[in-house]
Amino acid sequence: MRFQSLATALSLASAARAAPAVDQSASSAADAAAWDAAYTKANTALAKLSAGDKINIVTGVGWDKGPCVGNTPAIGSIGYPQLCLQDGPLGVRYAKGANAFTPGIQAASTWDRTLIRQRGQFMGEETKGCGIHVLLGPVAGPLGKNAAGGRNWEGFGSDPYLQGIAMAETITGMQGAGIQATAKHFILNEQELNRETMSSTVDDRTMHELYLWPFADAVHANVASVMCSYNKINGTWACENDGVMNKLLKQELGFKGYVMTDWNAQHSTQQAANTGLDMTMPGSDFNGGTVLWGSKLSQAVSSGQVQQSRVDDMVRRILASWYLVGQNNNYPRVNINANVQGTHKTNIRAVARDGIVLLKNDGNILPLKKPAKLGLVGSAAIVGQHGQNACQDHGCNSGALGMGWGSGTAQYPYFSAPADAIRTRAQSDGTQVAISSTDSTGSVSGAVNGADAAIVFITSDAGEGYITVEGSKGDRPNLDPWHNGNELVRAVAAINKNVIVVVHSVGPVILETILAQPNVKAIVWAGLPSQENGNALVDILYGTTAPSGKLPYTIAKSAGDYGTTVSQGDDRFAEGLFIDYRHFDKANIAPRYEFGYGLSYTNFTYSGIAVQGSPKSGAATGSVVPGGRADLWDTVATVTVTVANSGSVTGAEVAQLYVGFPASANAPPKQLRGFQKPLLNAGASTSVSFSLLRRDLSVWDSRTQNWVVPTGEFTLYVGSSSRDVRQTAKLTVA
């Protein structure tokens, strides 16, 4: 398949037509009014600023020269504070009195909009309590095209629809609490290896239908800021790329906030300014010697290389975002050490618990039923250096795992390890617990001999490329368990007939060796549960809550089945639209566990699918609002289905809607376009409804530079995963 190149498409778009004017009246009245009011205040403030004030607002003070990882000077004439920007996507980095929320990938595994929004709200409340203005998250890039990508765990899985919903819910929660959210990393930063030198080249359609999609959701949710990424795009740095920052983000998506650099991702003065960059962070390189804005931007304005109107636009966007979330009204002073935890650990435990995916449960070995003896095996059962915050930015995989490593981490205020939580529960049940807390295969017999069940803990870790952990420089070198995990399970399974494997991992792990052991009866995919690791696991192991998590990516039988790998040089994205389950479906490859998969302790049945609506074919015609053309966000069809709990215990089911496009669309066989998660008592049923937006039925037409609903027959699949389809229906578009 051949798609038009993005560079050609952007050139065509500029020549063929001007970008449509942003018409705020077409957006929701409340959102439009909020931005209007913010821009009115920003314009009033702008008139009071000197030329030097304006330069200061758009230029960071330099690396390590303020209380936060990013800072700009205070401007007294308008009551504008020293702006504080701080990592990261799961809470306040370096804070002493804040929580470490679950990583984005765990939130995605819940498929629970309410929990995801609450997570954003609670992170926002803690951020505001610390006096921080801008929290550097959430993450939609990397999307996760490479299963081994080092920072995939910071985002919400390898499907753009799931990513987009989670981005919007998180941003709504964060900004509702009064802070500015940052959608990052924009865009095509899909690996850590060579991220600061490589170029990502992608075709125009793939850019829109995969990588830009969740950022459109972020903009539609009125995100205050977007962070441009380190890499080049089609040969031009992301942070000085007119096609990306101006054409895609500000014109096509109608983004009203400001674009900031990733830290030290700026490469020029005037080109960065003239192509859409609004704020440079941290304002210098990490040695403090290179400053590309500040006085150099002033000189560029004086010489006419950058227009004053462009600087005014930068300032206006930054101030409008500040006003939008109400930070001009009695905002707290910066105090990163403030105690802001509150009762937010309830969300951390809920997300950690409901993000656990039950992959295998032979003979209903789970939930545990007051066993006489349990054997626990593996270093990941106990608190180690990772849980003790003993490694810089969690750059170690020692002991129980709760998150990956890098700038997107936060300090644990406490850490509930599996062994501790299991011991507490076992004591109330009168269960003996024996532990082998190493990964040595020769040390397991004492713990698992005579045990009613043996629980083996294995891990796989990854993170940001500036830290190397056990030879891994960010991206994972393979998809195997760390610390000889396969052999550890094999050793335990040779002794005990009821082996339960608990996996804490940043992403997919090849499980074939483990599944080949007949005594492995259950696999619990516990993901990255942060500080509530053990408590959340006990909730599932003992059946206090039935597991309801679903995979936000595919687990393959072989690493080669994914069809993508971390690139050693530039990446041409030759796979196009076909990543993760889209690739497996197109290539007819059987996964081990498919996207959207997850078992429960109960059963669910589906019946009575019905479709309402008569969507019309053709191009989107609405004016541009935040998120793109307004009519893309219109509901054009509704799919309903009845879901019943046919089992014996209360449980939640993630009902998933996938759309198959007409053959003329040349699209993946099916694509996620809806999900709902009803909680049902045993024997209860409910009607589940999915709203299909115009964008959900559209493909990107590179020739006309627009979203188009194709004519023909759409197939609607509703089920429990991407491959467990329970109900189908047809929708004909004329």
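A. Here's a closer look at the nonpolar core. Residues I187, Y211 and L319 are the most contacted members of the largest nonpolar core, which totals 112 residues. Residue contacts for L319: discarding those within four places in its chain leaves A42, A45, L46, L49, I57, I78 and Y80. Within the second largest apolar cluster, 43 residues are counted, among which are V357, A454, V489 and I555.

B. Structural context of helix α6 (residues 160–176). Between its first and last C-alpha, α6 extends 24 Å over 17 residues, near the 24 Å set by a 1.5 Å rise per residue. Among the 17 residues of α6, 15 are classified as buried, and the element is accordingly described as predominantly covered. N-cap assignment for α6: the residue whose side-chain oxygen lies 2.9 Å from the backbone N of Y161 is D159. Downstream of α6 by a residue or two, G178 has a phi angle that is positive, lying close to 100°.

C. Focus on helix α12 (residues 308–324). End to end, α12 covers 24 Å across 17 residues, agreeing with the expected 24 Å (1.5 Å per residue, within 8%). Extensive coverage of α12 is indicated by the burial of 12 of its 17 residues. Regarding α12, the residues found buried are R310, V311, D312, M314, V315, R317, I318, L319, A320, S321, W322 and Y323. The first or second residue beyond α12 is G326, which carries a positive phi of 75°.

D. The side chain of Q175, seen in detail. When you line up the elements, Q175 lands in helix α6. Here A181 takes part through its backbone nitrogen, which lies 3.2 Å from a polar atom of the side chain of Q175. Once you skip the residues sitting within four places of it in the chain, Q175 turns out to touch Q180, A181, A221, N222, V223, A224, L324 and V325.

E. Layout of empty space enclosed by the protein. For the structure shown, the criterion picks out 3 cavities of 30 Å³ or more. Estimates place the volume of the largest cavity at around 130 Å³. The wall of the largest cavity is formed by 15 residues, among which G144, N152, S158, P508 and Y553 lie closest to the centre. Counted by class, the lining of the largest cavity contains 8 nonpolar, 5 polar and 2 charged residues.

F. Focus on the pattern of salt bridges. Tallied over the entire structure, the rule returns 31 salt bridges. Of the charged contacts, one joins D87 and R93 as a salt bridge, the two residues approaching to 2.7 Å between their closest N and O atoms. This pair shows no difference in class: D87 is buried, exactly as R93 is. The shortest N-O distance in the salt bridge between R310 and D313 comes to 2.8 Å. Here R310 pairs with D313, and both are found in helix α12, just 3 residues apart, close to one helical turn. Using a relative accessible area of 13% as the deciding quantity, one classes R310 as buried. Take D313: its relative accessible area is 22%, and that puts it in the partly exposed class. The network of salt bridges with common partners includes R151, E154, E192, R195, E196 and E464.

G. Structural detail: the state of the cysteines. Considering all chains together, one arrives at 3 disulfides under this definition. The disulfide partner of C68 is C84, and the gap between their sulfur atoms is 1.9 Å. A torsion of -100° about the S-S bond marks the disulfide between C68 and C84 as left-handed. Highlighted residues: C68 in the loop between α3 (51–58) and β1 (70–72) and C84 in strand β2 (residues 83–86), separated in sequence by 16 residues. An identical accessibility class is assigned to C68 and C84; each is buried. C391 shares a disulfide with C396; S-S distance 2.1 Å. Looking down the S-S bond of the C391 and C396 bridge, the torsion is 95°, so its handedness is right-handed. Here the two residues C391 and C396 agree in accessibility, since each one is buried. Cysteines bonded in the protein chain are numbered consecutively along the chain; their disulfide partners then correspond to 1-2, 3-4, 5-6. C130 takes part in no disulfide bond, and the closest cysteine sulfur, belonging to C84, lies 8.7 Å away.

Reading the values: rules and limits
- Residues numbered from 1 in each chain as written.
- Predicted model: local features only at pLDDT ≥ 70, side-chain atom pairs only at ≥ 80, totals over all residues.
- Heavy atoms only, no water.
- Core = buried A, V, L, I, M, F, W, Y, C linked by side-chain atoms within 4.5 Å.
- Buried < 20%, exposed > 50% of the residue type's maximum accessible area, 1.4 Å probe, protein only.
- Contact = heavy atoms within 4.5 Å.
- Helix = DSSP H or I, 4+ residues; strand = E, 2+ residues; numbered from the N terminus.
- Expected span 1.5 Å × (residues − 1).
- Polar contact = N/O pair within 3.5 Å; in protein donor to acceptor, adjacent residues only side chain to side chain.
- 1 Å grid on protein atoms, 1.4 Å probe; cavity = no way out; pocket = protein on both sides within 12 Å on 5 of 7 lines; lining within 4 Å.
- Points joined across faces, edges and corners; volume = space filled by probe spheres on them.
- Nonpolar A, V, L, I, M, F, W, Y, C, P; charged D, E, K, R; others polar.
- Salt bridge = Lys/Arg side-chain N within 4 Å of Asp/Glu carboxyl O.
- Disulfide = S-S within 2.5 Å.

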